Amino acid sequence: MVFWLISTPKDETHQQQWSRLAENTKPMANVMKFNLPNLKVGTLDALMSLSDDLAKLDQFTELIMVKVYNYMANALEENDLQKLPDYTKANNKDLRSYCNSFVWDVAKFPTKVSIKDIHDIIAKNMTKIEKDFKTKSTTYNNLRSNLAQHEKKETGSLVTRNLGPIVNEEDFVTSSEYLVTVCVVVPKQGYKEWEGSYWKLADFVVPESSKRILEEGDQALYTVTMFRKTLDAFKNNAREKKFVVRDFQYSKDKINQQQNEITNLQKAKIKAYVPLIRWLKGNFSEAFVNWIHVKALRLFTESVLRYGLPATFMTAVLEPNKKSEKKLREKLHVLYSNLDKSAAEGPEMGDIPGVFMAGDYYPYVYFDINTAFVEAAREF
């Protein structure tokens, strides 16, 4: 979704002015009033400087908001993904409704203070969200990474997988000072050769000690027992035959420890998940609300710089139909080209007082609210 915020000078026939906008943009866009409060203007020089600061705050706020949203979309468990639209709200409203029925939040952003003070309030809010986000996301990322590393060892081929859950204590000689049981991964085409000659791979290999533990895909896991002193020779000769001797010694305590580590990490992830999603949901809403208030501040500030004082102008939010954006832009140009003769001739934006945005210059004040990041994350 993309919304256009526009501002034009308010004339004596305000209702007719509004009706003319609504009628001329049908059915190209949904048009709603975007109500701005009376804000403390201060000096025009201060507004000029503040305009640049607001542009930077706009970018910073959007950046943090999108980070929070994308992280939430990525962090949601598969069975919770369908809830993402419910988590993508601003003050319990879907984003479209919030933009189309915008009401200035006086409690959070008091209008009795200067625009600079409101700027500082929003900057402080977003800095805190950014700091908390870094802490929470880093903690959860480390937890997920540790768990993934442990779980990865439980999957994969027999050459790399943790063998603890596969083997049993009775498959090994564990009480001998001289004998050792090793695990060997044998390719399918080598089964016959292994079973017919494994005891010949080195001296002091115990005949008839090999046992097939598990066959999986094109591999099988065997155990074989030998004297410890011959292990190195056995490994070298086995490698030449493409038999992989796993570096594994059976230890019941170590196997239990590894399983407990996985269980504890799984429990820790489950415990951290719900509070994290709750925080992401709440702070996405908070960031979006802050962002739209920055847009409102920019719309107000640029309108004063463009049209002068007193601060009386008509402000609207338009939601263009995707296929009608070009036609809508042309219609707005026809409606408002009289506001600026240079814009009527279609120049590129230069160093025009009261205009601090990249892109084309329009005879009306214009900003957009682009929520394409929502659709992008959902498609992903």
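As shown above, the structure is provided for reference.
Cut-offs and rules
- Residues numbered from 1 in each chain as written.
- Predicted model: local features only at pLDDT ≥ 70, side-chain atom pairs only at ≥ 80, totals over all residues.
- Heavy atoms only, no water.
- Helix = DSSP H or I, 4+ residues; strand = E, 2+ residues; numbered from the N terminus.
- Buried < 20%, exposed > 50% of the residue type's maximum accessible area, 1.4 Å probe, protein only.
- Pairing = 2+ DSSP bridges.
- Axes fitted to C-alpha atoms, helices over the stretch in contact; angles between N-to-C directions.

Caption draft 1: Representation of unusual backbone geometry in the model. Looking along the chain, the bond that leaves K26 and enters P27 is cis, with omega of -10 degrees. By the secondary structure assignment, P27 is in the loop between α1 (14-24) and β2 (29-33). Residue P310 is reached from L309 by a cis peptide bond, and omega for that bond is 0 degrees. Of note, the phi angle at K242 is positive, near 65 degrees, even though the residue is not glycine.

Caption draft 2: Just the environment of V159, in detail. Counting through the fold element by element, V159 comes out in the loop between α5 (115-152) and β5 (179-187). Among the residues examined, V159 registers a relative accessible area of 30% and is labelled partly exposed. Taking C-alpha positions, V159 is 10 Å from C183, a pair spaced 24 residues apart along the chain.

Caption draft 3: Representation of the sheet that holds strand β9 (residues 313-320) in the model. Taken in spatial order, the 4 strands of this open sheet run β2-β9-β1-β10, and their pairing is antiparallel. Either end of the sheet is taken by a strand with one partner, and the two such strands are β2 and β10 (365-370). When strand polarity is set aside, the average angle formed by the axes of neighbouring strands in this sheet is 25 degrees. With 6 bridges connecting them, strand β1 (residues 2-9) and β10 associate as antiparallel partners.

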